[in-house]
Amino acid sequence: TPLYLNGFGGLKWFRPLKIQHLLELKAKFPDAKLVVGNTEVGIEMRLKRIQYKVLISVAHVPELNVLHVKDDGLEIGAAVRLSELLQMFRKVINERAAHETSSCKAFIEQIKWFAGTQIKNVACVGGNICTASPISDLNPLWMAAGAKFQIIDCKGNIRTIMAENFFLGYRKVDLTSGEILLSIFLPWTRPFEYVKEFKQAHRRDDDIAIVNAGMRVFLEEKGEDLVVSDSLIVYGGVAPLSLSAVKTKEFIIGKNWDQELLQGALKFLEIDIFLKEDAPGGMVEFRKSFNT
Ligand code: FAD
């Protein structure tokens, strides 16, 4: 059954079971916080003392919990927990052609170093995306992998946006107060298309990254050579948002996949990923060294 509880200080907590009910609540309370795992909101309320007035638990809304294998990729509801997603990735890499699951393999590796099991069992995909932390371990990968986000508004209209264009600034995303993230579409990779993850933290286990990244290259055979036909390289932990290395991408597209390309790309990365001496987060020299 749907639930509504009143808490101390006028806090309202709702648990809708239908998307329609959720959209009505969001229309009525545009500032409401959606919760699934509460691993971001709980910290904001308890440690940072932010007082949210309305919380909507969306963990039981079926449309936000879909996990569908499609011909062209994977459809992932925004409230799907990271542990469930991990299981699905493991299933598809066994069932599908190897070239299709390069992104899935990168996600499996990245989720391995994402928090501990308890957090992964409750934390959802959409919570990580919409928090838009500059050090999110997954957002650089959604972007690099060419994922698309489906957004639904209070009237039920759905629009699609590339993950690459969704992050606008420090914890700022392309969502109005009347919109929520509905699902994520992760396309299968093509033959000669490779996605790779990267995370450097103080500890291997259960630690926030210092720098992380998601990278994709799509190669084409031209005679004897392999030429880069498309690419996206995204870094976390180097700017207020997950940052796409645009100049590097432009440089490598159309070039042969060889040592010369690597050396050239490293020069362009220095331009794309620019950290000032006093950049927030410190350890500037250390962080820069990951680009070289
Ligand atoms: P919640 O706290 O329930 O919600 C988060 C936010 O997202 C809220 O503002 C909510 O309004 C919004 N939101 C949720 N769903 C939607 C939706 N459908 N549409 C619009 N907005 C929505 N993160 C990493 O990247 N890497 C780590 O290694 C990592 N380790 C962690 C370790 C610990 C101990 C903790 C506490 C957190 C860690 N995190 C890490 C961050 C966190 O676990 C993730 O961001 C998590 O995925 C958030 O999901 P949630 O369900 O808990 O979000």
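Above this note sits the structure.
Residues numbered from 1 in each chain as written. Predicted model: local features only at pLDDT ≥ 70, side-chain atom pairs only at ≥ 80, totals over all residues.

Observations regarding the pairing of strand β4 (residues 54–57)
What counts, and what does not: Paired strands, as defined in this entry, are two strands with at least two bridges between them according to DSSP. Secondary structure elements are taken from DSSP: a helix is a run of H or I of four residues or more, a strand is a run of E of two residues or more, and numbering for both begins at the N terminus. We call a crossover right-handed when, viewed with the strands running away from us, the connection from the first strand over the helix to the second turns clockwise.
By the bridge criterion, 3 bridges tie strand β2 (residues 12–15) to β4 in an arrangement that is parallel. Looking at β4, one finds that Phe14 is bridged to Ile56. As judged from the 3 bridges shared by strand β3 (residues 33–35) and β4, these two strands associate in the parallel manner. Its bridge partner being in β4, Leu34 is matched across the sheet by Ile56. A crossover connection joins β3 to the parallel β4 through helix α2 (residues 41–46); in handedness this β-α-β unit is right-handed.

As for helix α10 (residues 259–272)
Quick reminder of the rule: Any helix carries an expected span of 1.5 Å times its number of residues minus one. Partly exposed residues are those whose C-beta has more than 12 but fewer than 20 other C-beta atoms within 10 Å; 20 or more makes a residue buried and 12 or fewer makes it exposed, with C-beta atoms placed from the backbone. Each C-beta atom gives one direction from the helix axis, and the arc is the one those directions make. We call two residues in contact whenever the C-beta atoms placed from their backbones are within 7 Å.
Taking 1.5 Å as the rise per residue, α10 with 14 residues should run 20 Å; its terminal C-alpha atoms sit 20 Å apart, in good agreement. Every buried residue of α10 is accounted for by Ala265, Leu269 and Asp272. Looking down the long axis of α10, one finds its buried residues gathered within 60° of arc, a one-sided arrangement. What points out from α10, more than 90 degrees from its buried face, is the exposed set Gln259, Glu260, Gln263, Leu266, Lys267 and Ile271. On the buried face of α10, the contacting elements are α9 (246–252).

Examining the site of the ligand
Basically, it comes down to this: Any residue whose backbone-placed C-beta atom lies within 6 Å of a molecule or strand is treated as near that molecule or strand. Note on residue categories: nonpolar means Ala, Val, Leu, Ile, Met, Phe, Trp, Tyr, Cys or Pro, charged means Asp, Glu, Lys or Arg, and polar means any other residue, Gly included. Throughout, the edges of the domains are those of an automatic or database domain assignment.
Near the ligand you find 28 residues, and of these Gly37, Thr39, Ala115, Gly127 and Asn128 are the closest. Where the shell around the ligand is concerned, the elements lending two or more residues are β3, α2, α6 (125–131) and β11 (179–187). The greatest single-element share of the shell around the ligand, amounting to 5 residues, is contributed by α6. Grouping the amino acids of the shell around the ligand by side-chain chemistry returns 17 nonpolar, 8 polar and 3 charged. If you count residues domain by domain, the shell around the ligand takes at least three from each of domain 1 (3–57) and domain 2 (62–187).

What about the sheet that holds strand β1 (residues 3–6)?
Note the cut-off: The axes used here are C-alpha line fits, helices contributing only the stretch in contact, and every angle between their N-to-C directions lies in the interval 0 to 180 degrees.
The 4 strands are arranged β1-β2-β4-β3 in an open sheet whose pairing can be described as mixed. This sheet does not close on itself; its edge strands, each paired only once, are β1 and β3. With strand direction ignored, the average angle separating the axes of adjacent strands in the sheet is 20°. Sheet analysis places β1 next to β2, joined by 4 bridges and oriented antiparallel. For Leu5, the partnering residue across the bridge sits in β2 and is Trp13.

A short note on the environment of Ala123
Looking at the element boundaries, Ala123 is found in the loop between α5 (117–122) and α6. Of the residues examined, Ala123 has 20 C-beta atoms within 10 Å and is grouped as buried. Distance from Ala123 to Leu82, taken between C-alpha atoms, is 6.2 Å for residues 41 residues apart in sequence. Setting aside residues up to four positions removed in sequence, Ala123 forms contacts with Gly37, Thr39, Arg81, Leu82, Ala115 and Asn128.

Some words on the packing of helix α3 (residues 82–95) against helix α4 (residues 102–112)
For the record, the criterion: Any angle between 65 and 115 degrees counts as roughly perpendicular, while under 35 counts as roughly parallel, over 145 as roughly antiparallel, and the rest as oblique. It is the rotation of the near helix from the far one that decides the hand of a crossing: anticlockwise by less than a right angle makes it left-handed, clockwise makes it right-handed.
For the pair α3 and α4, interaxial distance at closest approach is 9 Å and the crossing angle is 140°. What the angle tells us is that α3 and α4 run oblique. For the element pair α3 and α4, the recorded crossing hand is left-handed. Here α3 contributes Leu82, Leu86, Phe89, Arg90, Val92 and Ile93 to the contact with α4, which in turn contributes Cys104, Lys105, Phe107, Ile108 and Ile111. The class makeup of the residues in the contact of α3 with α4 is 9 nonpolar, no polar and 2 charged.

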